[in-house]
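Survey of secondary and tertiary structure
Residues per chain, in single letters:
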Amino acid sequence: MAVHRDADGQTIRDIPVLARVAALALTVNVVLLVSAVAMDYVGYQCGGNIKCADSWWMSPFRMASVASFPGRRILLGAVVPLLLLVLLAVLTYRTQRRYESVRPPGNPGPRQPCVQNAASLEGGLRNLDFWNTGPYTRYLGKIHIAAGLALLALMIATTVHGTLESAPGMRIQEGRSLAPEWLWSGSVWIAVAVLVVAVLAVIPEKVIGPLRWLGLILTVPAIGALLLAGAMALLEPAMMAVVPNAMTPHELPGLRPVMNWVYGGIIVALLLVPVCLIAAALDRKKPLRTVQLVVVAAALVGMYFMLDVIDRPYGWVIVALIVAIGIIVVGVVNSGRLTAFRWGAPFIVLTIAFGLANTVLVGLIVRVADTLGEIKYTFAATEPVPDSGRIIAVFPVISDVAAYLIFEPVILVLIFAGWQAIRWWRAGWSKPAKAIADEYYEKEQPLPDDRGWVASTVKLNGGAFNPDWATPEMRAWPGRVSRARKVAEMPRDLDLLFTSIVVIGILLFAWLEMHIWADDIRRPSPWVASLGTAIATLLPLAVLLLARAGWQNPNTRRVIGVLWDVGTFWPRGYHPLSPPSYAERAVPELQRRMWFLHDSGAQILLAAHSQGAILAAAALSQDGPDEVRPTGMKVVLATFGSPMRKLYRWGFPAYFTDELTQSLLPQNGTTSIWRNFYYLTDYIGGWIVNEGENSIDKKLPDPPTCQFTYGDAPPRIGSHTGYWKDPAMWQEIDLIAPRPG
């Protein structure tokens, strides 16, 4: 994720700090839910049930030294989140060595590693150390791992202690002694201290002095707290049912307060982001923006009370539709002035990240519980049941979240897709199609009389369109081109979808929490919760199927590659456990390659497609020609399908500014010639300097012609991948390419 600055390029000072805190909260959130699945449903509940633990993979829980000891079952379940943290630590270490350890070129020798967060560097992408912040990423990685270990220790200590204090229908076996109290208090206090220090540790922008060792220093007490909690779990006595051969299904004691505190911290961290955004807007004294914020706040309050008033089955669906349509209407009205993500991008993106992680993990919780036994949504059963029953108690709120908040984004995605489908369908109507036909008709070359086998999709026989000759494919061709151009405009409407999901999700969550605490919520039908969690757990499977499709289909693979490249372009300045930034290695290597070619006497032509154009801009725009490139090096730059303005200026206006674009212009010395080629049908790329013809941007027709051999398929639409086979573009590149000597 990039640092947030407003559309004017001004930094909102507190947003980077809050984003790093929120990223740490995301790590803690994932560890919390994975631990809940393994420690509660697998270790505590299923492991303590004779019928449930009869599977071969549950055999460790059937051992005599484990089965009657809840603390040991909890500890055995905690191995899963511990292995997850170890895996994340290993992957982070390996990827940091492969990516962040590659240092940019310097003079003389590579530049020294920068100890500052990339998001806080002045100049953004143009700063020489933007791709050289490996020490800070490693520092953050250790902080996240230490926080994860501390939370795991806290959960073990709290839940093991809770089973002894308040496990329904259970009692300690006679003659058994408790573990020393200091093991519990020591592990809890040390874990809490590590978590508090971890939150404070992500605030600094530079890792200097003693801070360089803080990550390792925090890891040591986190491991110590984990060892104390483990010793406590091992020493706790065996427990038995109060009623012989019976059990009282219940959630893991002590888990609920930990989850409440963690989610309370997550909500606070997220809500501080819009508070800072609103404060920044008010501070800059922009009357229009202030009015917009007041209107949005009033609308939120009104919709919240409307949810309360419409408190009836599926009333929330009606309200969700109203809010979604309202946001879309406002967005469409404002689309003419669209230059960047419309509203509160940091808050929207962070909330989407938390929502997606919790959707998948809540679905995993229910699927695991359903696989282990019969789900009962309750904190604790009121009466014992035979221990031969495979009953798994699940927090009631999980059922509510699964039924309401999982369906909410699905419904909004369908609404958004339907709206875009209508726009796409209308683009193929007669009037837009006629405009396309007229456009090609005006620039089409006359057909010779002796080439009757050459046909046109917009005219036949000297300009008179003859419907008797026209095949259905020829008739539909202008409409298809018009629709392709409409599709190219759609990606910049995604912020409307994301904003709708977040706004309605927050309203529904607040409404649910109010009724849950009042215990007067209408519980959804079990099949609704089951369907919702099934949808949630299908998301990872859908990702795997998409990856498989990409392996088999080159076109799908290109689309996946574009999405992956965009998502992993930025340095890991916020979440160090995320996938590595390939640009940390690609940009310095590209700079070194151009330097080598220059020193070898070669003239450089840099042809960059799609994400390659972003890498080229990152490599060429950095200040300090004596550092990252030799003095006097000139590059002929040809970009095509470049998302620099359409996507990156829209999503990251703080970095892809007019200043960065100006730095690449020939008059500023970075390039000798620059041409940017684009299609109106390209859903990724577009113009950069100015819409229309200018010295940099060159609009190419797509399809390049409306003429074709009659009987063959009409000319194909190239869209984002058609540049490579476009002879007109390569002829233009040949004209600007440097000549030997």
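See the structure shown above.
Computed from a prediction, not measured in an experiment: that's the story for all the values here.

This part covers helix α5 (residues 134–166). Given a rise of 1.5 Å per residue, 33 residues ought to cover 48 Å, and the 47 Å separating the end C-alpha atoms of α5 matches this to within 8%. Judged by how many residues are buried, α5 sits mostly within the fold: 28 of 33 residues are covered.

Our focus in this paragraph is the pairing of strand β6 (residues 391–394). Looking along a regular strand, one sees the side chains alternate between the two faces of the sheet. Because side chains alternate across β6, one face comprises the buried residues Ile391 and Ala393, and the other comprises Ile392 and Val394, equally buried. Bridge analysis of strand β4 (residues 374–377) against β6 gives four bridges, and the strand direction is parallel. By the bridge assignment, Ile375 is partnered in β6 with Ile392.

Let us now look at the packing of aromatic side chains. For the structure on display, the rule yields 21 aromatic pairs. With centroids separated by 5.9 Å and ring planes inclined at 70°, the aromatic side chains of Phe416 and Trp419 adopt a geometry described as edge-to-face. Taken as a pair, Phe416 and Trp419 lie in helix α13 (residues 407–427) at a separation of three residues, close to a single helical turn. For Phe416, a relative accessible area of 11% puts it in the buried group. Taking the relative accessible area as the measure of exposure, Trp419 reaches 18% and is therefore buried.

Note on terminology: a disulfide is the covalent bond linking the sulfur atoms of two cysteines. One pass over the structure, following the stated rule, counts one disulfide. With a sulfur-sulfur separation of 1.9 Å, Cys46 is cross-linked through a disulfide to Cys52. Handedness here is read from the sign of the S-S torsion; for Cys46 and Cys52, about -100°, the answer is left-handed. In this pair, the class of Cys46 matches that of Cys52, namely buried.

Two numbers describe how helix α4 (residues 79–100) lies on α5: the axes approach to 10 Å, and their chain directions differ by 180°. Taken as axis vectors, α4 and α5 run roughly antiparallel relative to one another. Across the interface between the two elements, Pro81, Leu82, Leu85, Leu88, Ala89, Gln96 and Glu100 from α4 touch Gly134, Thr137, Arg138, Ile145, Gly148, Leu149 and Leu152 from α5.

This paragraph deals with a positive patch on the surface. A contiguous patch of positive charge on the surface is contributed by Arg557, Arg558, Arg716 and Lys725. Residue position: Arg716 is located in the loop between β12 (707–709) and α24 (727–736). Judged by relative accessible area, which is 74%, Arg716 ranks as exposed.

Take the pattern of salt bridges next. Under the counting rule described, the total for this entry stands at 13 salt bridges. Put simply, Asp129 and Arg111 hold a salt bridge, and the shortest N to O gap is 3.0 Å. In this pair, Asp129 sits in the loop between α4 and α5 while Arg111 sits in the loop between α4 and α5, placing the two residues 18 residues apart along the sequence. Taking the relative accessible area as the measure of exposure, Arg111 reaches 19% and is therefore buried. A salt bridge links Arg367 to Asp370, with the nearest nitrogen and oxygen atoms 3.3 Å apart. Taken together, the residues span about one helical turn, with Arg367 and Asp370 both in helix α11 (residues 345–372) at a distance of three residues. Connected through shared salt-bridge partners, Arg423, Lys486, Glu489 and Asp493 make up one network.

Definitions and cut-offs
Residues numbered from 1 in each chain as written. Predicted model: local features only at pLDDT ≥ 70, side-chain atom pairs only at ≥ 80, totals over all residues. Heavy atoms only, no water. Helix = DSSP H or I, 4+ residues; strand = E, 2+ residues; numbered from the N terminus. Expected span 1.5 Å × (residues − 1). Buried < 20%, exposed > 50% of the residue type's maximum accessible area, 1.4 Å probe, protein only. Pairing = 2+ DSSP bridges. Phe/Tyr/Trp six-rings, centres within 6.5 Å; stacked < 30°, edge-to-face > 60°. Disulfide = S-S within 2.5 Å. Axes fitted to C-alpha atoms, helices over the stretch in contact; angles between N-to-C directions. Parallel < 35°, antiparallel > 145°, perpendicular 65-115°, else oblique. Contact = heavy atoms within 4.5 Å. Patch = residues over 30% accessible without salt bridge, like charges linked within 9 Å, V, L, I, M, F, W, Y side chains within 5 Å. Areas by Shrake-Rupley, 256 points an atom, 1.4 Å probe, with all protein chains shown as cover. Salt bridge = Lys/Arg side-chain N within 4 Å of Asp/Glu carboxyl O. Lys, Arg positive; Asp, Glu negative; His and termini not counted. Charge placed at Lys NZ, Arg CZ, Asp CG, Glu CD.

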